[in-house]
Amino acid sequence: NPLIKEANFMSIQYQKFYCLERSIRELIRVNLEEKHGSEWWSTLDDAVKRNVETNLRYELDTTHTKRSQHNIDYTTFGDLRKIINWNQFESLFNRNLSSVNEVMIDLNRLRVPIAHCTPLAAKEIKRLEIRIDDWNQLLSDR
């Protein structure tokens, strides 16, 4: 079945992005907890917090199991980029904020077809691999 073959192939791309996104969420959470303790969420931009509240409300209005106990798991990928305030994250990266934003914007573009079950073109799979490598190169050894 060609659809099963496609799904198996795309599951590899999903797995790559899943690991990357989970690691970015964890990097943000741990970094902000180290700086602000358990109240780190209150230090974030109000627009991000409102977006999360909307996502939480939407989910609570369903019969589905709550996806997470952590607010950061209700942020969009775009929210994650907004959370990376350079004053609090500079030590985590060996390049500047523009470099981090460039990679995150491109990763968000690549995330859309993966999240919406659309196959990635061969060129976009290469781009995903390059951007994952770029992200890893941005991270300092800390």
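Residues numbered from 1 in each chain as written. Predicted model: local features only at pLDDT ≥ 70, side-chain atom pairs only at ≥ 80, totals over all residues. Heavy atoms only, no water.

**Section: the pattern of salt bridges**
For step 1, the next point in the chain: Using the criterion set out here, one finds 13 salt bridges in the structure.
For step 2, the next point in the chain: The salt bridge involving E33 is made with R29; its shortest N-O contact spans 3.0 Å. Highlighted residues: E33 and R29, both in helix α1 (residues 2-36), separated by 4 residues, approximately one helical turn.
For step 3, the next point in the chain: Taking relative accessible area as the criterion, E33 reaches 33% and is therefore assigned partly exposed.
For step 4, the next point in the chain: By relative accessible area, R29 is classed as buried at 16%.
For step 5, the next point in the chain: Residues joined by salt bridges that share partners form a network here, namely E102, D106, R109, R131 and D134. (Salt bridge = Lys/Arg side-chain N within 4 Å of Asp/Glu carboxyl O. Helix = DSSP H or I, 4+ residues; strand = E, 2+ residues; numbered from the N terminus. Buried < 20%, exposed > 50% of the residue type's maximum accessible area, 1.4 Å probe, protein only.)

**Some words on the packing of helix α5 (residues 97-115) against helix α6 (residues 122-138)**
The description of two packed helices rests on the angle between their axes and on the distance between the axes.
For step 1, the next point in the chain: One way to put it is that α5 packs onto α6 with a least axis distance of 10 Å and a crossing angle of 145°. Handedness of the crossing formed by α5 with α6: left-handed. Judged by residue contacts, S99, V100, E102, V103, M104, D106, L107, L110 and I114 of α5 engage E124, R127, L128, R131, I132, D134, W135 and L138 from α6.
For step 2, the next point in the chain: Here the contact of α5 with α6 is built from residues that sort into 10 nonpolar, 1 polar and 6 charged. (Axes fitted to C-alpha atoms, helices over the stretch in contact; angles between N-to-C directions. Left-handed = near helix turned anticlockwise from the far one by under 90°. Contact = heavy atoms within 4.5 Å. Nonpolar A, V, L, I, M, F, W, Y, C, P; charged D, E, K, R; others polar.)

**Section: α5**
For step 1, the next point in the chain: Under the 1.5 Å per step criterion, the end-to-end length of α5 is 26 Å for 19 residues, consistent within 8% with the ideal 27 Å.
For step 2, the next point in the chain: Along α5, the residues that are buried comprise S99, V100, N101, V103, M104, D106, L107, L110 and I114.
For step 3, the next point in the chain: Buried residues along α5 sit in contact with α1, α3 (77-83), α4 (86-89) and α6.
For step 4, the next point in the chain: Put simply, N96 is the residue that caps the front of α5, since its side-chain oxygen is 3.2 Å from the backbone nitrogen of S98.
For step 5, the next point in the chain: Two residues or fewer past α5, C117 is found with a positive phi of approximately 55°. (Expected span 1.5 Å × (residues − 1). Polar contact = N/O pair within 3.5 Å; in protein donor to acceptor, adjacent residues only side chain to side chain.)

**Considerations on the packing of α1 against α5**
For step 1, the next point in the chain: Contact geometry of α1 with α5 gives a least axis separation of 11 Å together with a crossing angle of 135°. Here α1 is positioned oblique relative to α5, judged by the angle of their axes. The handedness of the crossing between α1 and α5 comes out as left-handed. Contact residues: M10, Q13, Y14, F17, L20, E21 and I24 in α1; M104, L107, R111 and I114 in α5.
For step 2, the next point in the chain: A breakdown of the residues in the contact of α1 with α5 according to their chemical character gives 8 nonpolar, 1 polar and 2 charged. (Parallel < 35°, antiparallel > 145°, perpendicular 65-115°, else oblique.)

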